[in-house]
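Chains, contacts and geometry: an overview
Residue strings, one per chain:
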Amino acid sequence: MPAPAGEQFVIPIPAIHKEKRPVKFEFQVTAQEPTTVTIIYEPAKIKKEVTVEKGQTTTITIMIPSEKLPKDTGAAPFIITSQSPITLTVIIHIGSRVETIEPVPSQQHGVEYYVLTPPGKSDDDDKEFSIGNFQKPNNVVIYPTATVVFQGQTYKPGNKITISFKPFEVIRVKSKDNLSGTRILATNPITVFSGYSSPETVTPSYQISTGLYPVTQWGKEFFFRSLAVTGNTDMVFVVASRPTNIQFQVGDHKQSQTLKAGEVTQIGIPELTTVFIRADQPVQATYYGTGGKIEDTLYEYFMLNIPHTGLFATKYRVPSNPISERNRAVLIVKTSAVSLITFDGKSLSNIEWKPIPGTEYSIAIYDFGNKPTMHLVEAPAMPFGLVIIRYPQQPAIVKPGRPTGSKLIFSMLPFSMFNDISSLPISILRT
């Protein structure tokens, strides 16, 4: 849903290798009320305060010297605080690459997580997850499902890793093997990201990951559609925290499966098809896009948390980001209520709704441009789901080794959903 509003954000910085130039961080802040926003990055002794007026979006730019950036498993985060709720987008410029982070405020994190590391682009990719702590000292226990080396010590499946965290400390754990199903327990709330990244020897580097839901924010019912490009099959990964029976339908094809605690199942979603998932216990459902070419542009892989129906709302405030070539809304609505949906007070009668077989829901995609403004999407008394996909305008990257005449590669950013009362975690995509 749109970016979650809050008063404190802790943002781990991805490990940045082989970069000798300063890296530019842009913090796009939108205020719900007049406020003062403070940004702190301790390794570079940076503290910046900016006043933002109600309804205003302000960009705060900070340059970090390369020697002050994280290079290994530990990473000091940016700490952002505000006197009143704000929404935040972080844009990182690393040479010609651009990364975007849609962070979730500390108030909306939890103490129990299960890791997901989908198949990488290469067999040599590093499966990884990072844990960020907030303002209280913390104790965290990790139960890895694959062999990991952390702080010089090897841990095998069945071992546990116990870590004492200082306030605002971040750690990163890597393995060459699948870490999906790894359980993380903390005394106080933490933030967790997981996915995979390229080996340090690969240039340019890449990282595909997403912020995870704590178990307390999982759900039992999910509706979505394939975002796969022509000829591709994307995937949905479902993670259980206890014995769970799931039923799912892809197009007209129905299946059921029983999962154990920590077990992960993979569901293929061919292009143009819809999917719905129902579970008798709360689960996490994550969409994994396998990229591909649309017209003359080749898009990278990405991860996106699918909203469950418990997160649906009747009203969303959605900023249109001018850095995006276009912004598109994926709407998940009861079929009987599609006529009630309005965008800035106008009916969406001109878009094509696709019924989701076996359910009372339909789904549609609406392109709402890139003018820098705040939009209002609503349906009176009828909760619905909303996902925003951004196609950023950013420097193109030609990857080495591609034949002459190959297409340029951009990032397709799934924009974490948010509304006035609940939200989803961030998504990060590096190309």
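Just so it is clear, the model here is predicted, and its values are computed rather than measured. (Residues numbered from 1 in each chain as written. Predicted model: local features only at pLDDT ≥ 70, side-chain atom pairs only at ≥ 80, totals over all residues. Heavy atoms only, no water.)

1. Overview of the overall build of the protein
- Regarding its fold elements, the protein presents 0 helices and 36 strands.
- Taking all 431 residues of the protein together, 58% fall into the buried category.
- Excluding contacts between residues fewer than 6 apart, the proportion of contacts in the protein whose partners are at least 24 apart in sequence is 76%.
- Carbon and sulfur atoms provide 50% of the accessible area of the protein, an area that totals close to 17200 Å². (Helix = DSSP H or I, 4+ residues; strand = E, 2+ residues; numbered from the N terminus. Buried < 20%, exposed > 50% of the residue type's maximum accessible area, 1.4 Å probe, protein only. Contact = heavy atoms within 4.5 Å. Areas by Shrake-Rupley, 256 points an atom, 1.4 Å probe, with all protein chains shown as cover.)

2. Regarding the pairing of strand E16 (residues 207–211)
- Most of E16 is tucked away, with 5 of its 5 residues classed as buried.
- Residues Gln-207, Ser-209 and Gly-211 point to one face of E16 and Ile-208 and Thr-210 to the other, with burial holding for every one of them.
- Relative to E16, strand E15 (residues 183–197) runs antiparallel, the two sharing 5 bridges. Each residue of the ladder has a partner; that of Phe-193, found in E16, is Gly-211. (Pairing = 2+ DSSP bridges.)

3. Some thoughts on the side chain of Thr-38
- With respect to the secondary-structure elements, Thr-38 resides in strand E3 (residues 35–41).
- With residues up to four places along the chain from it excluded, the contact list for Thr-38 reads Lys-47, Lys-48, Glu-49, Ile-79, Ile-80 and Thr-81.

4. Considering the side chain of Ser-84
- Within the secondary structure layout, Ser-84 lies in strand E6 (residues 78–94).
- For Ser-84, a relative accessible area of 10% puts it in the buried group.
- Contacts of Ser-84, omitting those with residues within four sequence positions, involve Gly-6, Glu-7, Glu-33, Pro-34 and Thr-35.

5. Here we look at the pattern of salt bridges
- This structure, assessed with the given rule, holds 8 salt bridges.
- The shortest N-O distance in the salt bridge between Glu-26 and Lys-24 comes to 3.6 Å.
- Residue class for Lys-24 comes out partly exposed when judged on its relative accessible area of 27%.
- The residue Lys-174 makes a salt bridge to Glu-128 at a minimum N-O spacing of 3.9 Å. Residue Lys-174 is located in strand E14 (residues 170–175), and its partner Glu-128 is located in strand E9 (residues 126–133); the two are separated by 46 residues in the primary sequence.
- Overall, Glu-128 belongs to the buried group, its relative accessible area being 4%.
- Shared partners join several salt bridges into a network, and the residues in it are Asp-124, Asp-126 and Lys-176. (Salt bridge = Lys/Arg side-chain N within 4 Å of Asp/Glu carboxyl O.)

6. Observations regarding the nonpolar core
- Counting 51 residues, the largest nonpolar core has Phe-224, Val-236, Ile-277, Leu-331, Ile-341 and Phe-384 as the members making the most contacts within it.
- Broken down by element, this core gets its largest block of residues, 7 residues, from strand E22 (residues 274–289).
- Apart from the residues within four sequence positions on either side, Leu-331 is in contact with Ile-341, Leu-348, Ile-351, Trp-353, Ser-362, Ile-363, Ala-364, Tyr-366, Val-377, Phe-384, Gly-385 and Leu-386.
- With 26 residues, the next largest nonpolar core counts Val-37, Val-52, Ile-80 and Ile-86 among its residues. (Core = buried A, V, L, I, M, F, W, Y, C linked by side-chain atoms within 4.5 Å.)

7. A few points about the environment of Pro-383
- Along the polypeptide, Pro-383 turns up in the loop between strand E32 (374–378) and strand E33 (385–392).
- A C-alpha to C-alpha distance of 9.6 Å links Pro-383 and Ala-337, two positions 46 residues apart in sequence.
- Contact partners of Pro-383, with chain neighbours within four places excluded, come to Phe-312, Ala-313 and Thr-314.

8. What about the packing of aromatic side chains?
- In this structure the tally under the stated criterion is 15 aromatic pairs.
- Ring geometry for Phe-27 against Phe-78: centres 5.0 Å apart, planes inclined by 70°, an arrangement best described as edge-to-face. Linking Phe-27 in strand E2 (residues 23–31) with Phe-78 in strand E6, this pair joins segments that are 51 residues apart in sequence. Each member of the pair, Phe-27 together with Phe-78, is buried.
- Following the ring pairs from residue to residue traces out a cluster consisting of Phe-25, Phe-27, Tyr-41 and Phe-78. (Phe/Tyr/Trp six-rings, centres within 6.5 Å; stacked < 30°, edge-to-face > 60°.)

9. Concerning the environment of Val-141
- Positionally, Val-141 belongs in strand E10 (residues 138–143).
- It is 5.6 Å that separates the C-alpha atoms of Val-141 and Ile-161, two residues lying 20 residues apart in sequence.
- When neighbours within four sequence positions are excluded, Val-141 is seen to be in contact with Lys-160, Ile-161, Thr-162, Arg-183, Ile-184 and Leu-185.

10. A closer look at the confidence of the model for the protein
- Confidence along the protein averages 81 in pLDDT terms, with 81% of residues attaining 70 or more.
- Confidence drops under pLDDT 50 across residues 394–431; counting only partners more than four residues distant or on other chains, this segment forms 165 contacts. (pLDDT = per-residue confidence, 0-100.)

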